[in-house]
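# Structure at a glance
For reference, the chains in residue letters:
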Amino acid sequence: MIHQDGRKYWLLSGLLLIVLSALTPTLSGAGVVSGQLFGDYYYNVKNHQDSLEKQNGFWLRRLDLTYDADISGKIKARGRIEMVSDGKFSTSAQTLSAYVKDAYISYQFAPRHLLSLGIQENIAFTTVEKYWGFRALERPALDLYKQRDSRDFGLVMKGSLDSGKRWGYAVVFANGSGTKQETNKGKVVGGRLTFSPSAPWAFEAYGDLTRLDAGRKSVFLQGFVGYSQKWGRAGLTFLHSSLTQSGKPDVNWSMLSLFALPKLAPKLEGVARVDVAFDPLTATQDSFTPIEKGTKPTTLIGGVSWNLHPKVQLIPNLKVVTYRAVNGVKPARSDVYANLTFACQF
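Here the residue numbers are simple positions, counted from 1 along each chain's written sequence. Note on the predicted model: pLDDT of at least 70 is required for a residue's local features to be given, and 80 or more for side-chain atom pairs to be given and counted; whole-chain, interface and lining totals, by contrast, use all residues. Only hydrogens and water are removed before side-chain values are computed, so all heavy atoms of the structure are retained for them.

Right, let's talk about the pairing of strand β11 (residues 232–245) for a bit. Paired strands are those between which DSSP finds at least two bridges. Helix numbering and strand numbering both begin at the N terminus, where a helix is a DSSP run of H or I of at least 4 residues and a strand a DSSP run of E of at least 2. In the sheet, strand β10 (residues 216–229) pairs with β11 via 14 bridges, with the strands oriented antiparallel. By the bridge assignment, V225 is partnered in β11 with L236. In this sheet, strand β12 (residues 251–265) lies alongside β11 in antiparallel orientation, the contact comprising 12 bridges. Bridge pairing in β12 links G235 to F259. Counted between consecutive antiparallel strands, the loop separating β11 from β12 contains five residues, among which G247 sits at a positive phi close to 80°.

See the structure below:
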């Protein structure tokens, strides 16, 4: 169900996209309207929270509408609005909410270098998302476990360091508040370095420093190795964060995430992933796959993607969250989620 303000928002946004599409032939550059949607039929087979066990139903997790404008040969712009479910298994019905997910301008100021300003993808996500490729099924580890937002408002410079594009870089200066309005003086500075020695391989190192307020700062590091061949692709991510607070001990957190995506048949792709937390979670993951702060989970994801069309997928999948003891205490039982996920790009 969509509330009245949401309907007005989407009606106006839709009309704007239609007008932009109609005007595209009269503009100096081309523009493209695109979108995606995905959701699930979910069934909570087992859960350490009694109230969640056996809950089931359909939900639309996400609907995006995007307009990409080619203003000139070197200047481009993107606007994207997104409608999302909050993904919380609450006892009262919640409406889908809409917000601006992307709104930025990019400028190709040199043959191999680009500047972009606005709300845009966090540079920590780009390579991992490319290799994982199943956000409709689950978010990458740094997003799922609330380490960094997938979007931020800031200035990014990125490009390649050699003509063969084996070495790539990106640097960012941003609010550090995702798509929300900035509310403090702290900012985030970060960078990534990628290396592809040959076509199948990709290596990446990423790091950032976020000043949350006068007495707190967060450092986040991520290393990624990706491999892609005709049989499929695989990836390994190591994540580490450290929170420094005045007058309090540092809070450190690390995790390893491994996935393999073998091609089983022309239209079938296997999905296998395991996330292992080495330290208690520093934030509560409360949407779709709820995992509480302070627990030490191992998350297993398995499924098969049936590609009805290159842009349409049905993905029966199973997610299992087990817990290890923290100071001798752990949830009474594991969590098991059986889902039928659907995804469409248009």
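Next comes the rest of the description.
Accessible area is worked out with a 1.4 Å probe on protein chains only. A residue is then buried under 20% of its type maximum, exposed over 50%, and partly exposed in between. Residues V188, G190, R192 and T194 point to one face of strand β8 (residues 188–195) and are all buried, whereas V189, G191, L193 and F195, pointing to the other face, are not buried. Here strand β7 (residues 167–174) pairs with β8 via eight bridges, running antiparallel. Within β8, the residue paired with V171 across the bridge is G191. In this sheet, strand β9 (residues 201–213) lies alongside β8 in antiparallel orientation, the contact comprising eight bridges. Counterpart to G190 in the pairing with β9 is D208.

Glancing now at the side chain of S254. Tracing the backbone through its elements, the reader meets S254 in strand β12. A residue is classified by how much of its surface remains accessible, and S254, at 10% relative accessible area, is buried. Any N or O atom pair separated by 3.5 Å or less is treated as a polar contact, with the protein-specific requirement of one donor-capable and one acceptor-capable atom, and with residues adjacent in sequence counted only for side-chain atom pairs. Looking at S254, its side chain comes within polar contact range of the side chain of H240, at 2.8 Å. Two residues qualify as a contact provided that any one of their heavy atoms is within 4.5 Å of a heavy atom in the partner residue. Here S254 is in contact with F238, L239, H240, V276, A277, F278 and D279, once residues within four sequence places are set aside.

A few words now on the side chain of E129. Turning to its location among the elements, E129 is positioned in helix α2 (residues 126–132). Judged by its relative accessible area of 15%, E129 is buried.

Before going further, it helps to examine unusual backbone geometry. A positive phi is found at K165, a non-glycine position, where the angle reads about 60°. Among the structural elements, K165 can be located in the loop between β6 (151–160) and β7. With a phi close to 55°, N327 is a non-glycine residue in the positive phi region. The class of N327 is exposed, set by a relative accessible area of 79%.

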